[in-house]
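So you can see what is in the structure, the chains are spelled out below.
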Amino acid sequence: MARGGRNQERLRWSKLYTFACLRPTVLLDNEQRHSLQGPGYSRIVHCNQPGSHRKKPLKYPTNYISTTKYNIVTFLPKAIFEQFRRVANLYFLLAALLSLTPVTPFSAVSMIAPLAFVVGLSMAKEALEDWRRFMQDVKVNSRKVHVHRGEGQFGYRHWQKIRVGDIVKVEKDQFFPADLLLLSSTYEDGICYVETMNLDGETYLKVKRSLEVTLPLDDDAAFSNFTATIRCEDPNPSLYTFMGNFEYEQQVYALDPTQILLRDSKLRNTAYVYGVVIFTGHDSKVMQNATQSSSKRSKIEKKMDKIIYILFTFLMLISLISSIGYAVMMKFGMPHWWYLQPNKTSYIYNASKPALSGFFHLVTALILYGYLIPISLYVSIEVVKVLQATFINQDLHMCDGETGNPAQARTSNLNEELGQVDTILSDKTGTLTCNQMDFLKCSIAGVSYGVDSSEVEIAAAKHFASEASGTSEQHSSTHDFWDNSRSGFGSSEIELEDGNTSMVEKPQKPATRGFSFEDDRLMQGNWTNEPNAGIILLFFRTLALCHTAIPELNEKTGGFTYEVESPDEGAFLMAARHFGFEFSKRTQSSVFVTERYSPSEDPLERF
């Protein structure tokens with residue numbers, strides 16, 4: 001039976017000590033009430049009154065975001081500056097300017113046209129990549145969310161039109177449009193599960209909990225006359241800290257990070273939540289952490305600049321030697337060359353001023369020998385980078401095997417840096433793995449169960465086998481086994497001649513995600529024949545009971561899917577189900593488990 005939009009059978013999480021510790025305290029004395037006033041804590045939010053924030057001093061930015069590198073005004077100057085950071089382009093710009101003088105050995109078009117083509121092609125590539133960023137921003141800003149419009153009525157509104165103070169209703173599997181203060185959820189104690197993978201890379205779910213005083217705000221109509229004031233810290237990039245006060249019904253309540261829902265995190269395992277917008281747009285914590293799109297240059301491009309410096313030095317040396325020789329011949333040889341008509345002088349041919357003629361010849365030589373510096377090299381590299389980015393976007397081997405999402409090369413400036421990583425600094429193994437748990441082995445009453453080998457054991461056996469064999473043939477066979485073991489084959493140990501063990505492949509049935517356990521002693525109810533069957537029973541029940549997961553009935557299959565905080569809980573629940581102990585229901589005071597000791601017996605529900 002439902003009341004106020006909540007299911008009364010939901011567990012009251014405050015009965016658990018872990019969640020009871022999250023209950024905020026009430027601040028009653030005046031000293032604490034005004035403790036957040038001062039530098040760094042000037043944010044004032046009038047809840048359910050977004051119109052109050054449209055004028056100073058409470059005029060806050062809109063929720064529109066932009067991650068582009070350029071805009072209509074800055075594109076031309078910034079793009080041109082980026083192009084002429086390259087030494088070769090700077091040289092050819094100088095050569096193009098000199099080609100407009102009378103000392104040029106050929107027409108100016110032959111110098112200006114290649115430079116314009118190279119710079120134009122690079123600028124077009126930059127514009128295309130920035131256009132893609134712009135379209136991604138448009139897609140994000142155009143997302144819709146339920147916003148309170150007054151009189152307890154909610155309607156859809158684009159993210160970019162959300163203002164500070166708005167009351168929003170976020171539904172399951174939706175992203176939060178801004179930094180919100182959690183007011184209530186579909187659970188009685190106002191908790192919700194949040195996935196912060198876009199913020200910190202963690203895939204496990206975090207628990208957020210609203211203030212107890214806002215729990216009655218559990219449906220749309222409850223916000224018709226709702227007003228409150230939030231005094232909190234100014235926008236800052238800290239994702240894990242928050243300080244503020246919530247003034248409601250003449251009481252002041254302390255706020256902490258457990259009540260804050262950050263932009264770009266996702267609501268999970270909860271039908272919907274209500275929240276009030278605190279930070280919007282570039283004031284949100286995720287945007288405070290975002291850096292401006294910088295101009296990145298790869299190592300090979302920097303190395304090309306050094307090569308250009310060397311070539312330019314060589315070019316100057318050749319031109320200088322040629323000009324000195326020209327000046328010497330102009331002074332000592334030209335007066336005797338009657339066929340050159342030395343009496344008819346010019347600024348280029350003047351025997352009386354050989355130094356000036358030599359200088360003009362130096363300019364001519366720099367232009368004439370300028371093709372020593374290959375301007376086409378930059379064109380070739382730009383074309384190669386664009387093609388590489390296209391191949392990355394279309395590479396099936398770089399697609400996510402589960403979701404099918406392909407790789408996206410948002411910029412092609414650093415393509416050649418891929419695969420050049422030589423050092424990785426990581427605080428934990430989860431950063432370098434898929435963060436997926438697989439139930440492979442277990443130890444019950446000192447007895448080890450499970451016959452399969454983990455990938456770590458397989459890799460160790462591969463290493464030992466390659467060292468023991470000392471030949472490329474055996475190393476190749478071990479490498480073939482490694483590939484096969486990852487694509488659906490099991491493994492068993494074999495002993496090498498020197499006493500080490502290696503692995504051999506054997507056919508294996510496809511494993512369920514999170515459960516790859518194989519041992520006939522425990523499967524199909526055979527555990528009842530074990531001498532320690534009583535302890536095994538307790539072990540299986542522990543797997544099915546000790547967790548915070550929420551079961552959801554899959555109407556198509558008739559089975560249960562579990563919403564868990566971490567992959568560990570999911571693997572334990574999958575193992576319990578395969579052993580015949582299926583977690584099926586949770587109430588305020590009980591946990592229900594369906595037990596089936598063997599396939600021939602009828603299931604028995606216990607709680």
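You'll find the structure just up there.
In this report, the structure presented in the accompanying data block is examined. These numbers come from a predicted model, not from an experiment.

**Overview of helix α13 (residues 533-545)**
Here α13 is 13 residues long and its end C-alpha atoms lie 18 Å apart, about the 18 Å a rise of 1.5 Å per residue gives. Within α13 the residues assigned to the buried category are Ala-533, Ile-536, Leu-537, Phe-540, Leu-543 and Ala-544. All buried residues of α13 fall inside an arc of 120° around its axis, so they share one side. Lining the buried residues of α13 we find β17 (442-444), β18 (447-449), α14 (567-578), β23 (581-586) and β24 (591-595).

**Things to note about empty space enclosed by the protein**
Where empty space is left becomes clear once a probe the size of a water molecule has been rolled over the atoms. If you walk through the whole model with that rule in mind, you get 2 cavities of 30 Å³ or more. Taken as a whole, the largest cavity holds about 180 Å³ of empty space. As for the largest cavity, its lining consists of 15 residues, and the residues nearest its centre are Glu-82, Arg-86, Glu-126, Lys-296 and Glu-301. Where the lining of the largest cavity is concerned, the elements lending two or more residues are α3 (75-83) and α5 (109-141). Size it by volume and the second largest cavity reaches roughly 50 Å³. If you trace the second largest cavity, you find it lined by Arg-86, Ser-298, Ile-300, Glu-301, Met-304, Tyr-378, Ile-381, Glu-382, Lys-385 and Glu-416. Going through the elements one at a time, α8 (299-332) and α10 (376-394) are the ones with two or more residues in the lining of the second largest cavity. It is α10 that provides the largest number of residues to the lining of the second largest cavity, a total of 4 residues.

**Looking at unusual backbone geometry**
Leaving glycine out, the prevailing phi sign among residues is negative, and the prevailing peptide bond configuration is trans. Look at Asp-173: it is not a glycine, yet its phi comes out positive at around 65°. Topologically, Asp-173 is positioned in the loop between β7 (167-171) and β8 (179-185). Residues other than glycine seldom take positive phi values, yet Ala-445 does so here, at roughly 55°. Within the secondary structure, Ala-445 is located in the loop between β17 and β18.

**Quick word on a nonpolar patch on the surface**
On the surface, Phe-314, Leu-317, Ile-318, Ile-321, Leu-368, Tyr-369 and Leu-372 cluster together into a nonpolar patch covering about 610 Å² of accessible area. Looking at the nonpolar patch element by element, the count peaks at 4 residues for α8. Assignment of secondary structure puts Ile-321 in helix α8.

**Some thoughts on the layout of surface pockets**
What the second largest pocket holds in volume is close to 1300 Å³. Contributing to the lining of the second largest pocket are 37 residues, with Thr-67, Arg-133, Gln-136, Asp-137 and Arg-410 lying nearest its centre. Contributions of two or more residues to the lining of the second largest pocket are made by α5, α6 (197-200) and α7 (285-289). At 8 residues, the largest contribution of residues to the lining of the second largest pocket is made by α5. The class makeup of the residues in the lining of the second largest pocket is 9 nonpolar, 16 polar and 12 charged.

Calculation notes
- The residue count restarts for each chain, going from 1 along the sequence in the order it is written.
- Selection of residues for local features in this predicted model requires a pLDDT of at least 70, selection of side-chain atom pairs for listing and counting requires 80 or more, and totals for whole chains, interfaces and linings are taken over all residues.
- Water and hydrogen atoms were dropped before computing side-chain values, which therefore reflect all heavy atoms in the structure.
- Starting at the N terminus, helices and strands are each numbered in turn, a helix being any DSSP run of H or I of at least four residues and a strand any DSSP run of E of at least two.
- Each helix should span, by expectation, one fewer than its residue count multiplied by 1.5 Å.
- The buried label applies to any residue whose accessible area, calculated with a 1.4 Å probe on protein chains only, is under 20% of its type's maximum; exposed applies above 50%, and partly exposed to all values in between.
- Of all possible arcs, the one meant is that of the directions from the helix axis to the C-beta atoms.
- Should any heavy atoms of two residues lie within 4.5 Å, those residues are counted as being in contact.
- Using a 1 Å grid laid over the protein atoms alone, points where a 1.4 Å probe fits but cannot get out form a cavity; open sets with protein on both sides within 12 Å along at least 5 of 7 lines form a pocket; any residue with an atom within 4 Å of a point counts as lining.
- Grid points are joined across faces, edges and corners, and a volume is the space filled by probe spheres set on the points.
- Grouping into patches uses exposed residues only, defined as over 30% relative accessible area, and leaves out salt-bridged ones; the cut-off is 9 Å for like charges and 5 Å for nonpolar side chains (Val, Leu, Ile, Met, Phe, Trp, Tyr).
- Methods summary: accessible areas were calculated by the Shrake-Rupley approach with a probe of 1.4 Å, and residue burial reflects only the protein chains presented.
- When a carboxyl oxygen of Asp or Glu lies within 4 Å of a side-chain nitrogen of Lys or Arg, that pair is called a salt bridge.
- Residues are grouped as follows: Ala, Val, Leu, Ile, Met, Phe, Trp, Tyr, Cys and Pro are nonpolar; Asp, Glu, Lys and Arg are charged; all remaining types, including Gly, are polar.

Fair warning: the whole summary comes from geometry, so function is off the table for now.
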